[in-house]
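The lines below spell out each chain.
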Amino acid sequence: MRNQIYQAVISGAKGFLWYTYAQTANYPDLGIGMPWLSHEVADLKDAILAPPKELDIQVEAEHPEHLHISTRRVDDHLFLFAVNTAKVAQEVKLTLPGLDEKRLQVVSENRQVPVIGGVLSDHFDTYATHVYTTDSGLEDRPVIEEVIREIASADAARQKPGNLAFEGNGTWVEFSSKSTYGSTPNRVLDGVTDGMRWRDGTPKKTPDWLTVRFPQP
């Protein structure tokens, strides 16, 4: 979602509408990740709403066609949005006119990168997004790696001790029917007991059934 949002920003989007309903209880990525992302977007609001600043930036990368960039200026501060849409990681060099010797803050990453001789060099993981700025006021933002660890911890907690039917154990389900919206029967195996459940698609007919099958006795 972070990759998609900043692709949209680079292409000129000025606002976002995120929607989901009960799915957030079953997916920590949504319940934890999206509030964090919405706060980051709010902190970058002025840069997102600013008109693009046209700079002749030269891109050197293994797949330069998959490196999308846009620069903005807010007061005296420069913002550079950069998104990797390649299916592989890339080592990237950006030649930035007018920035000879500076250090740029990388938003939400608790690190800085040097600009040496007008060249910024950085590593982009698959689908990575980096937002660079000269604004030191954003250096204390919550770090993205921390929210990723929080999501991973919540995800691991779904597998409770003794739950032999957990989806990670190779189990699967068969079922008589399902409702049209938001009732994927596989969710009965995801370890979440207070989120979305299986709902049948034949409310006026009984009985309905669901069978859990195990990979071995």
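Caption draft 1: The arrangement of the pattern of salt bridges in detail. Applying the stated criterion across every chain yields a total of seven salt bridges. The partner of E40 in a salt bridge is R2, with the nearest N and O atoms 2.8 Å apart. Placement of the pair is E40 in helix α2 (residues 28–43) and R2 in helix α1 (residues 2–10), with a sequence separation of 38 residues. The exposure classification of E40 matches that of R2, with both residues buried. Between E167 and R158 there is a salt bridge, and its shortest N-O distance comes to 2.9 Å. When its relative accessible area of 35% is taken as the criterion, E167 is described as partly exposed. Residue R158 is classed as buried on the basis of its relative accessible area of 13%. Because the salt bridges share partners, they merge into one network encompassing E109, R111 and D122.

Caption draft 2: Structural view of the sheet that holds strand β2 (residues 67–74). Here we have eight strands laid out as an open sheet, ordered β1-β4-β7-β6-β5-β8-β3-β2, and antiparallel in their pairing. Looking at which strands have only one partner, the edges of the open sheet turn out to be β1 (58–60) and β2. Shown here is a sheet whose adjacent strand axes are inclined to one another by a mean of 25°, direction ignored. In this fold α1 packs onto β2, β3 (77–84) and β8 (129–133), with an angle of close to 125° to the strand it touches most, β3.

Caption draft 3: Summary view of the side chain of S70. Relative to the assigned elements, S70 resides in strand β2. Within polar-contact distance, the side chain of S70 engages the side chain of R72 at 3.0 Å. Setting aside chain neighbours within four positions, we find S70 in contact with I10, P52, F79, L80 and F81.

Caption draft 4: Broad picture of the nonpolar core. If you look at the biggest cluster of nonpolar residues, it comprises 22 residues, and the most contacted ones within it are Y6, L44, I48, F79 and F81. Discounting residues that sit within four places of it in the chain, F79 has contacts with L44, A47, S70, T71, R72, V74, Y132, T133, D135 and L138. Listed in part, the 17 residues of the second largest apolar core include I57, V92, L94 and V106.

Caption draft 5: The arrangement of the packing of α2 against helix α4 (residues 144–156) in detail. In the contact formed by α2 and α4, the axes pass within 9 Å of each other and the chain directions differ by 160°. Classified by the interaxial angle, the pair formed by α2 and α4 is roughly antiparallel. With respect to the hand of their crossing, α2 and α4 are arranged in right-handed fashion. Contact residues: α2 offers P28, D29, I32, G33 and W36, while α4 offers I144, V147, E150, I151, A154 and D155. Residue composition of the contact of α2 with α4, by class: seven nonpolar, one polar and three charged.

What counts and what doesn't
Residues numbered from 1 in each chain as written. Predicted model: local features only at pLDDT ≥ 70, side-chain atom pairs only at ≥ 80, totals over all residues. Heavy atoms only, no water. Salt bridge = Lys/Arg side-chain N within 4 Å of Asp/Glu carboxyl O. Helix = DSSP H or I, 4+ residues; strand = E, 2+ residues; numbered from the N terminus. Buried < 20%, exposed > 50% of the residue type's maximum accessible area, 1.4 Å probe, protein only. Pairing = 2+ DSSP bridges. Axes fitted to C-alpha atoms, helices over the stretch in contact; angles between N-to-C directions. Contact = heavy atoms within 4.5 Å. Polar contact = N/O pair within 3.5 Å; in protein donor to acceptor, adjacent residues only side chain to side chain. Core = buried A, V, L, I, M, F, W, Y, C linked by side-chain atoms within 4.5 Å. Parallel < 35°, antiparallel > 145°, perpendicular 65-115°, else oblique. Left-handed = near helix turned anticlockwise from the far one by under 90°. Nonpolar A, V, L, I, M, F, W, Y, C, P; charged D, E, K, R; others polar.

What is shown is where atoms sit, not what they do.
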